[in-house]
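Geometric and topological summary
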Amino acid sequence: MKNTVLTFKQAKSEGKKLSMLTAYDYSMAKIIDESNVNGILIGDSLGMVVKGEEDTLSVTMEEIIYHTKAVKRGAKNSLIVSDMPFLSYHVSIEQAVSNAGRLVKEGGASAVKLEGGVNIAAQVKAIVDAQIPVMGHIGLTPQSVNTFGGFKVQGKSKSAAKKLIEDAVLLEKAGVFSIVLEGIPEKVAELITSSVSIPTIGIGAGKYCDGQILVYQDMLGMFSDFIPKFVKQYANLGMIMKEAIGSYVKEVQEGAFPEEKHTFKIDESELQKLY
Ligand code: KIV
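Residues numbered from 1 in each chain as written. Predicted model: local features only at pLDDT ≥ 70, side-chain atom pairs only at ≥ 80, totals over all residues. Heavy atoms only, no water.

So, on to the UniProt feature "binding site: Mg(2+)" (unreviewed entry) in the protein chain. Within this numbering scheme, the UniProt entry marks Asp 44, Asp 83 and Glu 115 as carrying the feature "binding site: Mg(2+)" (unreviewed entry). The largest pairwise C-alpha distance within this set of annotated residues, which runs over 72 residues, is 10.9 Å, so the set is compact in three dimensions. When only the residues just named are considered, the largest pocket is lined by Asp 44, Asp 83 and Glu 115. Inspection of the secondary structure assignment puts Asp 44 in the loop between strand E2 (39–42) and helix H3 (46–49). Those residues in contact with Asp 44, other than ones at most four positions away along the chain, are Thr 56, Val 59, Ile 64, Asp 83, Glu 115 and Gln 143. As for its placement among the helices and strands, Asp 83 is situated in strand E3 (residues 79–83). Those residues within four positions of Asp 83 in sequence are excluded, and the remaining contacts are Leu 41, Ile 42, Gly 43, Asp 44, Ile 64, Leu 103 and Lys 113. (UniProt positions renumbered as here; feature names shortened; annotations may be inferred. 1 Å grid on protein atoms, 1.4 Å probe; cavity = no way out; pocket = protein on both sides within 12 Å on 5 of 7 lines; lining within 4 Å. Helix = DSSP H or I, 4+ residues; strand = E, 2+ residues; numbered from the N terminus. Contact = heavy atoms within 4.5 Å.)

Below you can see the structure in the form of structure tokens.
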């Protein structure tokens, strides 16, 4: 079934949980899409899990467009949401709308995601007015890593929690169809979820959110630099991949690969002409 922003809105009213994963390329998008997730995010987490950077700040519009195109070709039924990179929506409202438009026109995204609350409400409204669905993202927003002084859980004091609730309500008013809640206490996420009529998608925000999202390399055990507390590893593909690659290396060294069935033939008569 094709997922749209309507699927997301309906899910909340029907009490159905939504699932999302990140993807950055065609093959993975196809596997994820065929596993019936509701949405795929081309996250700027690619700065870390694809490019090997320490944070997401270096990710460019060109990179997100490139990866969105690849994911779009592989995903037929999931809602495709593209992250707006750091500083692609902060400089001016015009630039925010124009960059959001590029993700849709050039990348093929069906929605864009912006990090922030009241500080980006005007951009959100302008993008929504341009008929581009927007997903919000509050809490431990990775693009604010330098302001937060590290990747730290947010909303732990009364005032910080209140601010998150206010931000969520404001984002809904500005027109977002859904909000990612990242790295906040479960009970604060529950309060936010009951304060808005749009679905909340949690990552490190506990079980009361209307849906969940994870970075696929984290949940499949393919990223070993660090494993956040909120990640559940559903498989250790990193280990399986290392074993498989190790077998390949060994077989190449021993001459066991390629076998007869992996090779192409030439007619004996043609071959003789070469000698
Ligand atoms: O960039 C990303 O992958 C994200 C998710 C973790 C929510 O923003």
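Moving on from the coordinates now.
Moving on: the site of the ligand. Neighbouring the ligand are Thr 22, Leu 41, Gly 43, Asp 44, Ser 45, Asp 83, Lys 113, His 137, Val 180, Ile 203 and Val 215. A distance of 3.0 Å separates an oxygen atom of the ligand from a polar atom in the side chain of Asp 44. Residue Asp 83 places a side-chain N or O atom 3.1 Å away from an oxygen atom belonging to the ligand. Coverage of the ligand by the protein chains reaches 96% of its 260 Å² of free accessible surface. Taken atom by atom, the bulk of the ligand overlaps the largest pocket. Of the residues in the shell around the ligand, the class split is four nonpolar, four polar and three charged. (Near = heavy atom within 4 Å. Polar contact = N/O pair within 3.5 Å; in protein donor to acceptor, adjacent residues only side chain to side chain. Areas by Shrake-Rupley, 256 points an atom, 1.4 Å probe, with all protein chains shown as cover. Sits in = over half its atoms within 2 Å of the grid points. Nonpolar A, V, L, I, M, F, W, Y, C, P; charged D, E, K, R; others polar.)

To continue, consider the nonpolar core. Within soluble globular proteins, side chains that are nonpolar tend to cluster in buried spots. Core analysis: the largest hydrophobic core is formed by 56 residues, its most contacted members being Ile 40, Val 112, Leu 114, Ile 127 and Leu 181. In contact with Val 112, not counting residues within four places along its chain, are Val 81, Ser 82, Met 84, Ala 100, Leu 103, Ile 127, Ile 132, Pro 133, Val 134 and Met 135. Of all hydrophobic cores here, the second largest spans 15 residues; its members include Met 20, Phe 177, Val 180 and Ile 201. (Core = buried A, V, L, I, M, F, W, Y, C linked by side-chain atoms within 4.5 Å. Buried < 20%, exposed > 50% of the residue type's maximum accessible area, 1.4 Å probe, protein only.)

On a regular strand, each side chain points to the face opposite its neighbour's, so the side chains alternate between the two faces of the sheet. Bridge count for strand E1 (residues 18–22) against strand E8 (residues 211–214) is four bridges, and the pairing is parallel. Bridged to Ser 19 within E8 is Gln 212. Bridge count between strand E7 (residues 200–203) and E8: two bridges; the pairing is parallel. Across the sheet, residue Ile 201 finds its bridge partner in E8, namely Gly 211. (Pairing = 2+ DSSP bridges.)

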